[in-house]
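Coordinates in review
Chain by chain, the residues:
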Amino acid sequence: MNKIKVMTIFGTRPEAIKMAPLALELASRPEFEALCCVTAQHREMLDSVLNIFKLKPDYDLNIMQPRQTLSAITSKCLLGVEEVLHEAKPDLVLVHGDTSTTFAGALAAFYSHTAVGHVEAGLRTYDKWSPFPEEMNRKMVGAIADLHFCPTVANRDNLARENITKGVFLTGNTVIDALQTTVVKDFTFAEDALNQIDYVNRKVILVTCHRRENYGQPMTNIMTALRRIADAFPQVELIYPVHLSPVVQEAAHKYLDGHPRIHLIAPLAVDEMHNLMARCHLVMTDSGGLQEEAPALGKPVLVLRKETERPEAVAAGTVRLAGVEEEDIFSMASELLSNQAEYDKMAHAVNPYGDGQACSRIADAIAWHFGLRETAPEPFGA
Ligand code: UD1
Ligand code: UDP
C-alpha cells in the first residue's frame, strides 16, 4: 500500500497541545507516513509541550525572536516551510487554528500546490480586529484549505455561510483528546508550593492573559482588577503563570508584584496546567484553549475579552464574558466569589467542544479523502 504522507505544521504552545495528539495518532496508523514540522514561533513554550507528548519534529525552523513582529514571523515561516515542502513533498499539510504559523504554513503549502487540512476550522467573531490577527488568519486559511475539521456545529455553520461546504468534517476539538491524557487524580506538581495549597478551603483563581489586542490599556485594566480582587477577598489565592512575551511580563509584574496572595509563576508544562485547572475554583483568562478546557473540568470561566469565537460554553452557562474594563471584571468576579448560588450555577462540567475522539475522526476523514476507507467518520455528537 502506498502510504499517504501527512505533515503537521505548528509553532506555538496551543497549536502544539492540540496537534501533538493528532501527530501521534497519524504516526500510529499504517496507512500514513507522518511528518512533523515546527516553526518554533514559540521556543521554550513549544519545547515544553513536545517534551510532555514525547514528540520529535522532523523539521525545526527555529524562527523565534524576542518581541517578534507579525511580518517577521509570517515571512520567516513562509520561506522556511517552502524549503521543507520542497524537500519532503507531503500529500497533505495540516495546520491548526489561527496563528501566524498557521497562516504562513497554509500559504506556503498553497504556493507549492500541496493540499491543506485546517484543524480547528470555522471559528469566527466576524470582527477583523478582534482577536487580532487571529480572526483574519483563520479566515484566510479557511479560503485556502481543502479539508476543514470543525470542532462544533456552530463552526461548521460559519463555514457554510462562507459557502465552504466541501471537505468539511465535524470532529470535536483535539484539545479534549489532549486533556484526557493529562489530568489524573493524584497529580504531584513539580513545584512543591503548588502541592502545599489548600485547594478545598482557599479560593484559587487561575489566571492567564496574553492576547495582542489586550496590549496597553485593556491589559492595565485587567491587572488592576486582578489586584483589587485579591485585596478584597482574603480567601483568594491568585495563580498566574505568566506568558513569556516581554509585553505581558512587564504588565503582570508592574501591577501584580509584591502581593502575598498573588503568585506570578513561570509558564507551566501542559500536564501541570491541566491538573491545576482541575483543582482551582475559578479561571480568569483571555486564552482560547482555556475556554475549552475549563468547562470540560467543570470550572467557571470569566473571559477577559469583549467577544469570543467560542460561544458554546457561554450558552451552556459555564463561561461568561467579563470584558476588559476594570469595574466589570471586578464586579463579575466579586459576584462569583461571594454568591455561592451564582457560582454553583456556572460550576458544572460541560463538553460542547469534544469527546476525546477528534484525532481519530480526523485521521479517518483523511484516509477517506484519499480513498483508503469506504466511509467518512461519524460526525462528533451524532
Ligand atoms: C501567539 C499567537 C496567538 C496565540 C499565542 C499563544 C500569533 C500572531 N499569535 O501569540 O494567536 O494565542 O501565540 O500563546 O501567531 N516568547 C518567548 N518564548 C516562548 C514564547 C514566546 O520568549 O516560548 C516571547 C518572545 O519574545 C516572542 C513573544 O513572546 O517574540 C511573543 O510571541 P508571539 O508568538 O509573537 O506572540 P504570542 O502573543 O505568543
Ligand atoms: N497552558 C499551559 N501552561 C501555561 C498556560 C497555558 O500549558 O502556563 C496551556 C493551556 O492549558 C492551553 C494552552 O496552553 O491548553 C493555551 O495556550 P495560550 O493561552 O498560550 O493560547 P491560546 O489558547 O489563547 O491561543
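Please read these numbers as outputs of a predicted model, since none were measured by experiment. (Residues numbered from 1 in each chain as written. Chains lettered and ligands numbered in written order. Predicted model: local features only at pLDDT ≥ 70, side-chain atom pairs only at ≥ 80, totals over all residues. Heavy atoms only, no water.)

Here the focus is the packing of helix α9 (residues 217-232) against helix α10 (residues 246-256). Running from N to C, α9 and α10 cross one another at 35°; their axes reach a closest spacing of 9 Å. Two packed elements cross with a definite hand, and for α9 against α10 that hand is right-handed. Facing α9, whose interface residues are M219, T220, M223, T224, L226 and R227, α10 presents V248, A251, A252, Y255 and L256. Partitioning the contact of α9 with α10 into residue classes produces 8 nonpolar, 2 polar and 1 charged. (Axes fitted to C-alpha atoms, helices over the stretch in contact; angles between N-to-C directions. Helix = DSSP H or I, 4+ residues; strand = E, 2+ residues; numbered from the N terminus. Left-handed = near helix turned anticlockwise from the far one by under 90°. Contact = heavy atoms within 4.5 Å. Nonpolar A, V, L, I, M, F, W, Y, C, P; charged D, E, K, R; others polar.)

Attention now goes to the sheet that holds strand β3 (residues 59-60). Read from one edge of the open sheet, 7 strands run β3-β2-β1-β4-β5-β6-β7, paired in parallel fashion. With partners counted over all chains shown, the strands left at the sheet margins are β3 and β7 (168-170), one partner each. Sheet topology note: the strand β5 (residues 115-119)/strand β6 (residues 147-150) ladder contains 3 bridges and is parallel. The residue of β6 that forms the bridge with V119 is F149. Here helix α5 (residues 134-144) sits on the sheet in contact with β4 (92-96), β5 and β6, set at roughly 140° to β5. (Pairing = 2+ DSSP bridges.)

Turning next to unusual backbone geometry. Of all residues except glycine, most have a negative phi; of all peptide bonds, most are trans. In the segment running from S130 into P131, the intervening peptide bond is cis, with an omega of 0°. Checked against the element boundaries, P131 lands in the loop between β5 and α5. Of note, the amide linkage connecting F132 to P133 takes the cis form, showing an omega dihedral of 5°. With respect to the helices and strands, P133 occurs in the loop between β5 and α5. Here A40, not a glycine, exhibits a phi torsion of approximately 55°, which is positive. Phi angles above zero are rare outside glycine, and E120 is one such case at about 70°. Looking at the element boundaries, E120 is found in the loop between β5 and α5. Here E120 falls in the buried class, since its relative accessible area comes to 7%. (Buried < 20%, exposed > 50% of the residue type's maximum accessible area, 1.4 Å probe, protein only.)

The final tally for this structure, using the stated rule, is 6 aromatic pairs. Each ring, one from F149 and one from F169, has its centre 5.8 Å from the other, and the planes form 25°; the classification is stacked. On the criterion of sequence distance, the pair formed by F149 in strand β6 and F169 in strand β7 is long-range, its members being 20 residues apart. Comparing F149 with F169, the two get one shared label, buried. Ring centres of F187 and F189 lie 5.2 Å apart, and the angle between their planes is 75°; this geometry places the pair in the edge-to-face category. F189 carries the same exposure label as F187, and that label is buried. One aromatic cluster in this structure is built from F149, F169 and W368. For the cation-ring pair, R228 lies above F330, with the distance from its terminal atom to the ring centre recorded as 4.0 Å. (Phe/Tyr/Trp six-rings, centres within 6.5 Å; stacked < 30°, edge-to-face > 60°. Lys NZ or Arg CZ within 6 Å of the ring centre and 35° of its normal.)

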